[in-house]
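Structural overview for review
These are the residues of each chain, in order.
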Amino acid sequence: MNKFKTHLTQLAMALSVATLAGCGGSATDTKIDTVDPTEPVSDWVMVWEDNFDGDAIDDNKWNFEIDCAGGGNNEKQCYTDSEENAFVADGILNIVALPAEEGAAKPYTSARINTRYKADFKYGRFEVRAKLPSGQGSWPAFWMMPTDEVYGEWPRSGEIDIVESVNLKVENDDGLESNIYGTLHYGQAWPNNDSSGKAYTFAQDSNPADDFHTYAIEWQEGEIRWYVDDYLYATQRQSELLYNADGEALALKHKGWYTEYFDQTTGELTTFWDAAPYNQEFYLILNFAVGGDWPENVNALGVDATAFENGQTFEVDYVRVYECAQDPDTGKGCETVRPGYDNLEDALVQGAAPAPTPPSDGTVTPLTIFDSSFNPNWPAWDCCGGTTPGLVEDADRGNVVEFSVGAEPTVNGFISRDAFITDENGEASPYDASAMLEDGYVTFDMQVTSLPATPDAPWLFKIESDEGATAVELNLSDSTEGVSPVAGEWQTYTFPLQTLADAGLNVSLIDVIMIFPAWGQGEGAVYRVDNVEITNGGTTTLPSLTLFTDETNLDWPLWDCCGGSTPVEVVDDEEHGVTAEFSIGATPTVMGFINRTSSGGSGTQFDASALVDDGMLQFEMKITSLSSTPDAPWLLKVESNEGATAVEVNLNTSSEGVDPVAGEWQTYTFPISTLLNAGLDVSAIDVIMIFPAWGQGEGAVYRVDNARIYAPEQESAASELTLFAENVADQWSIWDCCAGSTPTVETDDETHGSVAEFQIGSTATVMGFLADDGVSFDASHLLSEGVVRFEMKIVSNASDQDAQWLFKIESNDAGQAVELALSASQEGVEPVVGEWQTYTYTLADLLSAGLDISAIDVVMVFPSWGMGEGAVYRIDNAVIANP
């Protein structure tokens with residue numbers, strides 16, 4: 001029983017990966033001997049019981065709680081010590097909910113009894129045999145609360161709900177309500193509290209309100225298990241963190257319970273992922289509530305007065321407590337378990353613990369959530385109103401996203417959670433902004449096109465992280481700009497990350513950004529949003545590792561662990577050229593690439609922490625000779641920090657999901673996040689192996705090429721530069737050199753959408769695209785095939801018809817420059833007024849003409865100096881890229 005309780009059956013899928021450290025071996029699974037729970041377990045020793053054999057409730061064991069507070073859940077009963085509400089008869093404790101007398105403080109009376117300071121326990125088996133009451137509004141429970149709130153107010157010190165139910169035998173979509181629930185409550189102080197649990201559904205020909213059943217938990221250090229008639233249906237555990245080689249928390253290996261309290265050493269409010277709060281003494285509670293927030297909002301709704309007019313009874317045969325004689329201090333050694341009890345696909349429940357903030361590696365990677373088009377990992381989202389946000393064309397900006405609020409209260413924004421990703425290319429990608437905490441910010445532009453029916457409704461910005469584990473909500477006027485929306489005007493709003501972190505946001509797992517008029521006051525609002533980013537205004541290059549492409553990386557030599565062979569470089573087909581070849585003889589071995597000094601490597605382990613969001617381990621492989629065991633599984637194994645952590649997976653679990661085929665080159669891709677979630681410390685990778693299963697590889701010969709760890713999107717973005725397509729590139733601007741005008745973004749035809757428009761007045765000038773101070777583009781890697789290409793349309797020609805149209809490109813702050821006529825492009829055409837035309841110049845030609853292509857910082861298109869007055873022209877799809 002809890003304050004503002006929400007009960008959800010938590011279901012999750014687990015990634016099952018066998019992990020091994022060191023060379024060779026095979027995957028091993030934990031073997032769990034099933035204990036027959038119907039047989040007595042000799043190591044459980046009863047230490048307390050109440051069989052209710054007397055003629056009254058034993059006040060040496062139980063305390064009555066007397067109040068009308070509603071349990072913090074708006075319940076409809078007063079708890080009394082009246083024998084009408086709680087009595088013993090025929091060996092049964094009866095807790096009875098009855099209609100109250102007219103004029104009473106609450107419409108019903110009932111009872112709640114506890115053992116606080118009379119029987120307090122830490123670890124053990126706790127049982128009740130009971131017949132539960134029925135009817136809409138009924139809410140019986142057998143549960144536990146902390147004797148002393150060591151970690152602070154509810155629920156920081158925890159709550160254990162052994163069994164509870166609501167509205168039994170009331171009609172629902174599946175027949176009659178027959179669920180019971182086992183739940184934990186923990187975490188931050190209300191109202192930011194968390195819970196996790198699971199329901200057990202009785203068969204429709206059986207109901208907890210018809211017969212007595214035994215409900216129990218087994219509670220030991222770090223684990224609690226729930227039982228119905230000795231069937232284990234739910235397991236919850238403390239969270240487990242994954243650490244890097246420096247002992248810093250990287251991620252949650254198991255998402256379980258947690259608590260937050262003031263650290264006695266630092267005095268700071270701190271999150272703990274250990275056995276707390278379930279490592280202190282708790283006491284027992286039996287009660288029967290009527291109504292409240294939970295039962296009144298499910299099934300038939302409200303409270304059915306007819307169900308209680310003659311009273312409803314919660315009948316208890318006995319309560320028993322056992323201690324584990326094997327180890328009373330931890331409660332371990334007497335587990336009554338079954339296969340699947342610790343599997344997320346079966347009985348194991350995923351908790352609500354927030355992920356730790358991973359250590360920053362200093363990498364700053366800005367995130368664009370929306371800029372003219374949707375980010376597939378961050379769809380636009382209407383929480384609760386049923387609308388579908390969509391793209392609309394703004395006269396000045398091109399495509400923007402439009403939100404609206406109808407009669408149903410809602411919030412709108414952008415979300416990156418699995419349940420809301422609809423694009424087949426998208427995936428939930430919580431964003432880690434911790435590396436830019438000091439100078440980063442969330443920014444967006446917004447225009448209100450229609451005010452809500454409540455015109456003075458506050459406009460709000462809300463940001464959440466880690467599935468809502470932390471959240472911050474601020475008024476838009478709290479932004480750096482300090483302005484409130486003005487209908488019809490585009491306005492920019494900026495919120496520093498440090499401000500959000502100080503307000504309680506975990507900036508390492510941001511997954512929702514919302515912009516909306518206050519809840520329930522937004523009907524009729526229509527508004528547009530553009531340029532949604534989390535950034536510090538800069539860019540970065542993510543780390544990458546090339547293991548083998550055309551030659552051996554001497555820091556990561558080819559390696560045969562145990563077979564005594566020497567892998568070699570061999571030439572394959574024209575596409576692959578030089579490749580790495582591995583051969584397996586009679587001695588079992590594993591093979592691949594190694595960085596450890598003991599095997600000739602540099603010893604500089606690879607830190608892939610910055611690649612967790614988008615990075616991957618990828619390679620191509622071709623089998624030239626199958627092993628003598630042709631159906632041997634082919635495996636990838638990755639180790640880190642001298643084998644302290646390791647992950648081994650079948651090649652067919654790659655993103656491609658294929659098994660090797662002899663004679664064919666095939667690509668295998670493994671996301672870094674998958675390896676991390678499987679238990680690998682990705683901050684210190686030092687061995688990467690590809691091999692047929694240990695002892696089954698004799699005779700195998702195979703080749704590997706293009707083996708690397710990298711972030712494809714980052715690499716693609718870094719390898720080419722889009723100067724303008726719908727908008728100007730980051731860290732570049734649309735530029736008028738000398739006349740003082742401001743080029744604009746205008747909307748052209750359906751094909752081109754938003755384009756850059758330049759206008760020349762009476763002052764001589766040149767125009768184009770200019771990099772920010774200190775910014776340039778290195779196109780050296782594109783030299784062999786790369787081009788500078790753009791499309792242009794003259795809207796109005798210069799008044800001097802003899803003006804020549806020119807292309808000019810500069811580098812190194814004008815240290816080098818090349819100027820050519822548009823007619824000297826590959827297309828060889830002069831501009832024609834009113835027509836879009838393409839112009840292309842090869843990087844090789846520009847280099848030959850004297851341009852340093854390693855530091856390009858200006859690209860210009862203009863009519864001859866001093867002859868351009870009156871010219872209006874547009875440019876789109878300007879790139880420096882491969883054709």
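Residues numbered from 1 in each chain as written. Predicted model: local features only at pLDDT ≥ 70, side-chain atom pairs only at ≥ 80, totals over all residues. Heavy atoms only, no water.

Let's talk about the nonpolar core
Stated precisely, the cut-off is as follows: By convention a nonpolar core is built from buried Ala, Val, Leu, Ile, Met, Phe, Trp, Tyr and Cys residues, the set being connected through side-chain atoms within 4.5 Å. Burial classes follow relative accessibility: with a 1.4 Å probe on protein chains only, a residue under 20% of its type's maximum area counts as buried, one over 50% as exposed, and anything between as partly exposed. Each helix is a run of DSSP H or I of at least 4 residues and each strand a run of E of at least 2, with the numbering of both proceeding from the N terminus. Residue contacts follow a heavy-atom distance rule, with two residues in contact if any of their heavy atoms lie within 4.5 Å.
Ile160, Trp219, Leu286 and Val319 are the most contacted members of the largest nonpolar core, which has 61 residues in total. The biggest single contributor to this core is strand E23 (residues 282–290), with five residues. Not counting chain neighbours up to four residues away, the residues in contact with Leu286 comprise Trp62, Leu93, Ile95, Ala111, Arg112, Ile113, Val128, Ala141, Phe142, Phe314, Val316 and Val319. Counting residues in hydrophobic clusters, the runner-up holds 53 residues, among them Ala251, Ile594, Tyr702 and Val704.

Focus: the sheet that holds strand E48 (residues 732–736)
Counted only if it meets this: The pairing criterion for strands is at least two bridges between them, as found by DSSP. Only the stretch in contact is used when fitting a helix axis, every axis being a line fitted to C-alpha atoms; angles between N-to-C directions are given from 0 to 180 degrees.
The antiparallel open sheet is built from five strands, whose spatial order is E48-E51-E56-E53-E54. Taken across any chain shown, the strands that pair with only one partner, and hence form the sheet edges, are E48 and strand E54 (816–821). With strand direction ignored, the average angle separating the axes of adjacent strands in the sheet is 20°. Pairing analysis gives three bridges linking strand E51 (residues 767–771) to strand E56 (residues 856–863), with the strands arranged antiparallel. Note that in E56 the partner of Leu770 across the bridge is Val858.

Considerations on the pairing of strand E57 (residues 872–881)
Most of E57 sits inside the fold, with nine of its ten residues counted as buried. Pairing geometry for strand E47 (residues 721–724) and E57, over three bridges, is antiparallel. Looking at the pairing, Thr722 lines up with Val879 of E57. As judged from the four bridges shared by strand E50 (residues 754–759) and E57, these two strands associate in the antiparallel manner. Bridge pairing in E57 places Ala756 opposite Ile875. One ladder, built from eight bridges, connects strand E52 (residues 787–796) with E57; its direction is antiparallel. Across the sheet, the residue bridging to Val787 is Ala881, located in E57.

Some thoughts on the environment of Val401
As for its placement among the helices and strands, Val401 is situated in strand E28 (residues 398–404). You can call Val401 buried: its relative accessible area is 0%. Those residues in contact with Val401 that sit more than four places away from it in its chain are Phe370, Phe374, Ala380, Pro389, Gly390, Phe414, Tyr527, Arg528 and Val529.

What about the sheet that holds strand E37 (residues 558–560)?
Spatially, E37-E40-E45-E42-E43 is the arrangement adopted by the five strands of the open sheet, whose pairing is antiparallel. Only two strands of the sheet have a single partner each, and these edge strands are E37 and strand E43 (645–650). Strand-to-strand twist in this sheet, taken as the mean axis angle between neighbours without regard to direction, amounts to 20°. Sheet topology note: the strand E40 (residues 591–594)/strand E45 (residues 685–692) ladder contains three bridges and is antiparallel. Note that in E45 the partner of Gly592 across the bridge is Met689.

A short note on the state of the cysteines
Going by this rule: Any cysteine sulfur atom paired with another within 2.5 Å is treated as part of a disulfide.
If you walk through the whole model with that rule in mind, you get five disulfides. Residue pairing for Cys68: its cysteine sulfur links by disulfide to Cys78, the two sulfurs lying 2.0 Å apart. Its torsion about the S-S bond being 115°, the disulfide of Cys68 and Cys78 is classed as right-handed. One end of the pair, Cys68, is in the loop between strand E2 (63–64) and strand E3 (77–79); the other, Cys78, is in strand E3, with ten residues separating them in the sequence. In this structure Cys78 comes out as buried when scored by relative accessible area, which is 8%. Disulfide pairing is shown between Cys324 and Cys334; the S-S distance is 2.1 Å. Disulfide Cys324-Cys334: torsion about the S-S bond near 85°, hence right-handed.

Side note on the confidence of the model for the chain
Inclusion rule: One confidence number per residue, pLDDT, is output by the predictor and ranges from 0 to 100.
Here the chain averages 90 in pLDDT, and 93% of its residues register 70 or above. Here residues 1–35 scores under 50 on pLDDT; set against residues more than four positions off or in separate chains, the count is 104 contacts.

Considering the environment of Glu869
Here Glu869 is to be found in the loop between E56 and E57. Relative accessible area serves as the criterion here: at 43%, Glu869 is assigned to the partly exposed category. A C-alpha to C-alpha distance of 84 Å links Glu869 and Ala289, two positions 580 residues apart in sequence. Excluding residues within four positions of it along the chain, Glu869 makes contact with Ile760, Gly761, Ser762, Ala798 and Ser799.

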